[in-house]
Amino acid sequence: MARYQVKFYKGDYGERQRAANADAAVCYVEQHFNSVGDPSPNYTMVVLSTNASETASNWARRYSGAVAAKFGIKDQGIRKGGRGDGNLARAKMPAILLEPFFVSNPQGSQWAKTRQQELAEILVGTIREFFPDGGAVAFSVGHKYKRSAPNDRGASAHGGGNEADLAEAVLLKAQTLLEAMVAVPDDEGEDEPIHAAEVSPWAREAHEWVVANGISDGTRPQEPVTREQLWTMLHRAATKPK
Ligand SMILES: [Zn+2]
């Protein structure tokens, strides 16, 4: 059963990476938005450490390609070294630093505020593709929560707001998506991810509870239940070891 547990790492970048190593995270994501003085540039890119693995490079290319396609901007691909070394090189697992677009650009800034869900979906899609067995996922909000510079929030966004708060909002949405996914066998016996978004909001807490407690696999949330299925679920709940 592929399950992901997301943890946000705080402190200076080195501390974050060491803590993610200690937790044996399967992948590491630091979210940023790009910025320059000139308001015109807006393209997507992913920063890697000089020592980035092939998996990290392929994962990064998949992400930047998906963002470029979705938002219709230039795909600048990957860039190794520089900030990537300080922010990522000590992470033992594949680690990427995301710069999906420029918050110094009016369009990019607007997207960073209004299209966070789409960015989160792209990120989660690539995590599921490259780390299909699940595991601990390390998230790092760029700039924010640094011990040495607690007031850093990165670049100012065009029209108001800042890079770090926008980056954090995207990662929180990605966390919700990742943790809502459980993989269960479908009719062909393959692992099929079931997304909690199919469950009505009023039933989500109950859905999580039945899955977590082994009372139902949580699949096909909108389908009717037979009397014998209901008996079985009641029986599982009643006889569950405390
Ligand atoms: Zn940044």
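Residues numbered from 1 in each chain as written. Predicted model: local features only at pLDDT ≥ 70, side-chain atom pairs only at ≥ 80, totals over all residues.

Overview of the packing of helix H5 (residues 116-130) against helix H6 (residues 163-179)
Next up, step 1: Their axes nearest at 8 Å, the elements H5 and H6 cross at an angle of 50°. Here H5 is positioned oblique relative to H6, judged by the angle of their axes. Between H5 and H6 the crossing geometry is right-handed. Between H5 and H6, the contacting residues are Gln116, Gln117, Leu119, Ala120, Glu121, Leu123, Val124 and Ile127 on the first element and Ala169, Val170, Lys173, Ala174, Leu177 and Leu178 on the second.
Next up, step 2: Considered class by class, the residues forming the contact of H5 with H6 number ten nonpolar, two polar and two charged. (Axes fitted to C-alpha atoms, helices over the stretch in contact; angles between N-to-C directions. Helix = DSSP H or I, 4+ residues; strand = E, 2+ residues; numbered from the N terminus. Parallel < 35°, antiparallel > 145°, perpendicular 65-115°, else oblique. Left-handed = near helix turned anticlockwise from the far one by under 90°. Contact = placed C-beta atoms within 7 Å. Nonpolar A, V, L, I, M, F, W, Y, C, P; charged D, E, K, R; others polar.)

Here's the deal with the nonpolar core
Next up, step 1: Counting 55 residues, the largest nonpolar core has Tyr28, Val46, Tyr63 and Ile96 as the members making the most contacts within it.
Next up, step 2: For this core, the elements supplying multiple residues, two or more each, are strand S2 (27-31), strand S3 (43-48), helix H2 (54-71), strand S5 (95-99), helix H4 (106-114), H5, strand S6 (135-141) and H6.
Next up, step 3: The leading source of residues in this core is H6, at eight residues.
Next up, step 4: Ignoring any residue separated from it by four or fewer positions in sequence, one finds Tyr28 in contact with Ala20, Leu88, Ala91, Met93, Ala95, Ala138 and Ser140. (Core = buried A, V, L, I, M, F, W, Y, C linked by C-beta atoms within 7 Å. Buried ≥ 20, exposed ≤ 12 C-beta atoms within 10 Å, placed from the backbone.)

Some remarks on the pairing of S3
Next up, step 1: Buried residues dominate S3, accounting for six of its six residues.
Next up, step 2: As judged from the five bridges shared by S3 and strand S4 (residues 74-80), these two strands associate in the parallel manner. Pairing of Tyr43 across the sheet is with Lys74, part of S4.
Next up, step 3: Handedness of the S3-H2-S4 crossover: right-handed. (Pairing = 2+ DSSP bridges. Right-handed = clockwise from strand over helix to strand, strands pointing away.)

Overview of the domain arrangement of the chain
Interfaces are often sized by the accessible area lost when the parts come together.
Next up, step 1: We note that the domain assignment places domain 1 (4-179) and domain 2 (184-239) within the chain.
Next up, step 2: Computed over C-alpha atoms only, the centres of domain 1 and domain 2 are separated by 33 Å. (Domains from an automatic or database assignment.)

A short note on the environment of Gly82
Next up, step 1: On the secondary structure map, Gly82 appears in the loop between S4 and helix H3 (83-88).
Next up, step 2: In this structure Gly82 comes out as partly exposed when scored by C-beta crowding, with 13 C-beta atoms within 10 Å.
Next up, step 3: Sequence separation of Gly82 and Asn162 is 80 residues, and the distance between their C-alpha atoms is 22 Å.

A closer look at the packing of H2 against H5
Next up, step 1: Their axes nearest at 10 Å, the elements H2 and H5 cross at an angle of 150°. Between H2 and H5 the crossing geometry is right-handed. Across from Thr55, Trp59, Arg62, Tyr63, Ala66, Val67 and Lys70 in H2, the residues of H5 making contact are Glu118, Ile122, Leu123, Thr126, Glu129 and Phe130.
Next up, step 2: Residues that form the contact of H2 with H5 fall into these classes: seven nonpolar, two polar and four charged.

Let's talk about the environment of Ile73
Next up, step 1: Relative to the elements of secondary structure, Ile73 occurs in the loop between H2 and S4.
Next up, step 2: Expressed as a C-alpha distance, the spacing of Ile73 and Phe101, which sit 28 residues apart in the sequence, is 8.6 Å.
Next up, step 3: Contact partners of Ile73, with chain neighbours within four places excluded, come to Asn42, Tyr43, Thr44, Ala68 and Phe101.

Description of the sheet that holds S3
Next up, step 1: Pairing in this open sheet of six strands is mixed, and the strands run S1-S6-S2-S5-S3-S4 from one edge to the other. Each edge of the open sheet is held by one strand with a lone partner, namely strand S1 (4-8) and S4. Here the strands of the sheet are splayed against their neighbours by 20° on average, with no regard to which way each runs.
Next up, step 2: Bridging between S3 and S5 involves three bridges; their strand directions are antiparallel. Among the inter-strand pairings, Met45 is bridged to a residue of S5, identified as Glu99.
Next up, step 3: Where H2 meets the sheet, its contacts fall on S3, S4 and S5, and the angle it forms with S4 comes to roughly 160°.

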